[in-house]
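Inside the fold
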Amino acid sequence: QVQLVESGGGLVQAGGSLRLSCAASGRTFSRYTMGWFRQAPGKEREFVAGISMSGGSTYYADSVKGRFTISRDNAKKTVYLQMNSLKPEDTAVYYCAADVREIVVVTTASRYDYWGQGTQVAVSS
């Protein structure tokens, strides 16, 4: 069983920055590929960023490429999402997710096995 707890959300003005964290339980965190997803009101959950087990490979949605950075610290069992140059359209609940089966990052939410409770990010114009 894996438990994921996100933190770091909040309200920020457009152009500002936030850093989200996701702390994981379990002894084999380094064997999980990890992803960040977001869901805005009335919209489907969408992939934001993903990172391989070692952290050597990262993937981003086109909408956040160049502004967001995903990273992980396997010793701390934590994955991060640094969000810069935030825009109002980034407003959503952000979720981290763990994929315990794949060795490559996938962008489909249904392929992930464990989810956090989410953290709200609101960007004002």
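Residues numbered from 1 in each chain as written. Predicted model: local features only at pLDDT ≥ 70, side-chain atom pairs only at ≥ 80, totals over all residues. Heavy atoms only, no water.

**Section: the pairing of strand β9 (residues 92-99)**
Put simply, the rule is: Relative accessibility under 20% of the residue-type maximum defines a buried residue, over 50% an exposed one, and the middle range a partly exposed one, all with a 1.4 Å probe and only protein chains included. Counting from the N terminus, the helices are the DSSP runs of H or I reaching at least four residues and the strands are the DSSP runs of E reaching at least two. At least two DSSP bridges between two strands are required for those strands to pair.
Of all eight residues making up β9, seven are buried, and the element is well covered by its neighbours. Relative to β9, strand β4 (residues 33-39) runs antiparallel, the two sharing seven bridges. Of the residues in β9, the one forming a bridge with Arg38 is Tyr94. Taken together, the three bridges between β9 and strand β11 (residues 119-124) define a ladder with antiparallel strand orientation. Bridge pairing links Ala92 to Val121 in β11.

**Concerning the sheet that holds strand β7 (residues 68-73)**
Backbone-to-backbone hydrogen bonds join strands into a sheet, with any given pair of strands oriented parallel or antiparallel. This is how the line gets drawn: Note on method: axes are straight lines fitted to C-alpha atoms, helices fitted across the in-contact stretch only, with angles between N-to-C directions ranging 0 to 180 degrees.
Across the sheet, four strands lie side by side as β1-β3-β8-β7; this open sheet has antiparallel pairing. Two strands in the sheet have a free side with no partner beyond their single neighbour: β1 (4-7) and β7. Neighbour-to-neighbour, the strand axes of the sheet open up by a mean angle of 15°, direction not taken into account. Here β7 runs beside strand β8 (residues 78-83); their pairing, made up of six bridges, is antiparallel. When the sheet's bridge partners are listed, Arg72 is paired in β8 with Val79.

**Regarding unusual backbone geometry**
One non-glycine residue, Lys77, lies in positive phi territory at about 55°. Residue placement: Lys77 occurs in the loop between β7 and β8. Under the relative-accessibility criterion, Lys77 is labelled partly exposed at 28%. Although it is not a glycine, Ser85 sits at a positive phi angle of roughly 50°. Looking at the element boundaries, Ser85 is found in the loop between β8 and β9. Residue class for Ser85 comes out partly exposed when judged on its relative accessible area of 41%.

Treat this as a map of the structure, not an account of what it does.
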